[in-house]
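Remarks on the overall topology
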Amino acid sequence: MAVGILLVGGFGTRLMPLTKNTPKPMLTVAGLPVTEHQLAMAKKAGITTVVLATSYLSEVFIPYFGDGSKWGMNLLYAVEKEPLGTGGAIRNATKLLTGDESIVVFNGDVLSSHNLSQQIQDHEANNADVTLHLTTVDDARAYGCVPTDSAGRVTAFLEKMDNPVTNTINAGCYVFKASVVTAIPEDTVISVERQIFPELVEKHGRVFGFIDDSYWLDIGTPTALLKGSVDLVSGAAKALALTPQMIQSHSPQSLIMKGATVDATAVIDGGSSIGIGAVIGQGAHITGSIVEAGAKIGKAAVVTNSFVAAGAQILDSAQISTSFVTNLKIFPIPQ
Ligand code: GTP
């Protein structure tokens, strides 16, 4: 049995101003916070104890997730006063864990349908120090790439380059041997990607890649956040967290959560999701968009490829496209 750590303490600057009051992992995709989708994935792989490694806006998580019993999980919270970087966050979270089970670390902004159970099994069969999920991208120039040898061992962590030597990249889900995590210095700002992994490879540590090209998306940019939600609604990504009890209606075109009020003449399509308590007026048309819990869309309004945050109101007949709408203002999404 493995335990989990979810890294949810980053500032989410690329999603400002949505992340001004809501940490990125608590933003809604397909009716639920990103974190809830990730916890469902962890649970499917048999992980029930998870530490949320929080820092920025740490207070937002506990009121929603509590002790996790609602999900049949045991959730714990580690808080960094100042963000410790990914390595420091993992070390800090481990203080709440006992035992020597494998530790599975998830970046809190990734939607992935990869075979996590197999990743854990391979890690243990290889007696690895760390096993990283790697995914293949068409063009690795925007990422650092991670080459492996014929036995699956990682041979290097390479920075972004014009001619990447491979198109496999770090997908942000790691299985660690517990002793490797406890060897990270305590209360120190340190990055796993930039420091710990490259150093382990250099010292011939047993660092393995688990290549799995199932659905994978880093939702850290505005366009990706919307795409992630649409993919969960359409079925391109597995929406394990959604249960029939939560849903009023669901098709590949739209997801309407229970407790939303959608006028019978409104059209919801393009993989849009409508959150609990949202109100959609007569003749409104919502396409390719996320409407968070409690947001209100006026009559005959047209909302396209946009994120309407909780508490926002869109006036009758308004035309909103490629924007973030908060309770204060409308912000165009940079393309
Ligand atoms: P940007 O500011 O837009 O780059 O987003 P970010 O702050 O989330 O950074 P990034 O996407 O690189 O982080 C990857 C994951 O690690 C996210 O889930 C973050 O929440 C998390 N993370 C990054 N830095 C820290 C940290 O110092 N502490 C904790 N607990 N989590 C972190």
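Our subject in this report is the structure included herewith. None of these values were measured; they are calculated from a predicted model.

Here's the deal with the overall build of the protein
The number of helices and strands found in the protein is 7 helices and 26 strands. A compact globule built from 335 residues should have a C-alpha radius of gyration of about 20 Å, and the protein, at 20 Å, falls within 12% of that. By principal-axis analysis of the C-alpha atoms, the protein measures approximately 65 × 45 × 35 Å. By residue count, 55% of the 335 residues in the protein fall in the buried class. Carbon and sulfur atoms make up 53% of the accessible area of the protein, which amounts to about 14,600 Å² in all. Between the centroid of the 22 positive side chains of the protein and the centroid of its 29 negative side chains there is a distance of 4 Å.

Comments concerning the sheet that holds strand β15 (residues 267-269)
In sheet architecture, strand pairing relies on hydrogen bonds along the backbone and comes in two forms, parallel and antiparallel. One open sheet accounts for 4 strands, arranged β15-β18-β21-β24; its pairing is parallel. The open sheet is flanked by β15 and β24 (319-321), the only strands paired with a single partner. Taken pair by pair, the neighbouring strands of this sheet meet at an average axis angle of 0 degrees, ignoring direction. When strand β18 (residues 285-287) meets strand β21 (residues 302-304), the two strands line up parallel, connected through 3 bridges. Paired with I286 across the two strands is V303, which belongs to β21.

Things to note about helix α7 (residues 222-234)
Structurally, the α-helix is built with 3.6 residues per turn, so residues lying three or four positions apart point the same way. The terminal C-alpha atoms of α7 lie 19 Å apart, and with 13 residues this matches the ideal 18 Å at 1.5 Å per residue to within 8%. Of all the positions in α7, only P222, A224, L225, L226, G228, S229, D231, L232 and V233 are classed as buried. The positive-phi residue at the C-terminal boundary of α7 is G235, with phi of around 100 degrees.

Focus on the pairing of strand β6 (residues 103-107)
Where burial is concerned, most of β6 is hidden: 5 out of the 5 residues are buried. With 5 bridges connecting them, strand β1 (residues 3-7) and β6 associate as parallel partners. Directly across from G4, in β6, lies its bridge partner V104. Relative to strand β9 (residues 168-176), β6 runs antiparallel, the two being bridged by 4 bridges. By the bridge assignment for β9, F106 is matched with C173.

A look at the side chain of Q38
Inspection of the secondary structure puts Q38 in helix α1 (residues 34-44). Residue class for Q38 comes out buried when judged on its relative accessible area of 6%. Those residues in contact with Q38 that sit more than four places away from it in its chain are L6, F106, N107, G108, D109 and V110.

Notes on the layout of surface pockets
Taken as a whole, the largest pocket holds about 1,500 Å³ of empty space. Around the largest pocket, the lining comprises 48 residues; the ones closest to its centre are R14, N107, D109, E193 and D218. The set of elements that each furnish at least two residues to the lining of the largest pocket consists of α3 (85-94), β9, α6 (192-202), β11 (216-218) and α7. No other element matches the 5 residues that β9 contributes to the lining of the largest pocket. Grouping the constituent residues of the lining of the largest pocket by class yields 24 nonpolar, 14 polar and 10 charged.

Describing the site of the ligand
Residues in close proximity to the ligand total 18 residues, the closest being L7, T13, E80, G85 and G108. One of the backbone nitrogen or oxygen atoms of G85 is found 2.7 Å away from an oxygen atom of the ligand. At 2.8 Å from an oxygen atom of the ligand is found a main-chain nitrogen or oxygen belonging to G108. For the ligand, whose unbound accessible area comes to 610 Å², protein coverage reaches 81%. Its atoms largely coinciding with the cavity grid, the ligand occupies the largest pocket. A per-class count over the shell around the ligand returns 7 nonpolar, 7 polar and 4 charged.

Regarding the pattern of salt bridges
Scanning all chains against the criterion turns up 7 salt bridges. A salt bridge links E186 to K95, with the nearest nitrogen and oxygen atoms 3.7 Å apart. Within this pair, whereas E186 is found in the loop between α5 (178-182) and α6, its partner K95 is found in the loop between α3 and β6, the two being separated by 91 residues in sequence. For E186, a relative accessible area of 43% corresponds to the partly exposed category. A salt bridge links D129 to K177; its shortest N-O distance comes to 3.8 Å. Here the residue D129 occupies a position in the loop between α4 (116-125) and β8 (130-136), and K177 occupies one in the loop between β9 and α5, the gap between them amounting to 48 residues. Look at D129 and you get buried, because its relative accessible area is 15%.

Conventions used here
Residues numbered from 1 in each chain as written. Predicted model: local features only at pLDDT ≥ 70, side-chain atom pairs only at ≥ 80, totals over all residues. Heavy atoms only, no water. Helix = DSSP H or I, 4+ residues; strand = E, 2+ residues; numbered from the N terminus. Rg over C-alpha atoms; globule rule 2.2 N^0.38 Å. Buried < 20%, exposed > 50% of the residue type's maximum accessible area, 1.4 Å probe, protein only. Areas by Shrake-Rupley, 256 points an atom, 1.4 Å probe, with all protein chains shown as cover. Lys, Arg positive; Asp, Glu negative; His and termini not counted. Charge placed at Lys NZ, Arg CZ, Asp CG, Glu CD. Pairing = 2+ DSSP bridges. Axes fitted to C-alpha atoms, helices over the stretch in contact; angles between N-to-C directions. Expected span 1.5 Å × (residues − 1). Contact = heavy atoms within 4.5 Å. 1 Å grid on protein atoms, 1.4 Å probe; cavity = no way out; pocket = protein on both sides within 12 Å on 5 of 7 lines; lining within 4 Å. Points joined across faces, edges and corners; volume = space filled by probe spheres on them. Nonpolar A, V, L, I, M, F, W, Y, C, P; charged D, E, K, R; others polar. Near = heavy atom within 4 Å. Polar contact = N/O pair within 3.5 Å; in protein donor to acceptor, adjacent residues only side chain to side chain. Sits in = over half its atoms within 2 Å of the grid points. Salt bridge = Lys/Arg side-chain N within 4 Å of Asp/Glu carboxyl O.

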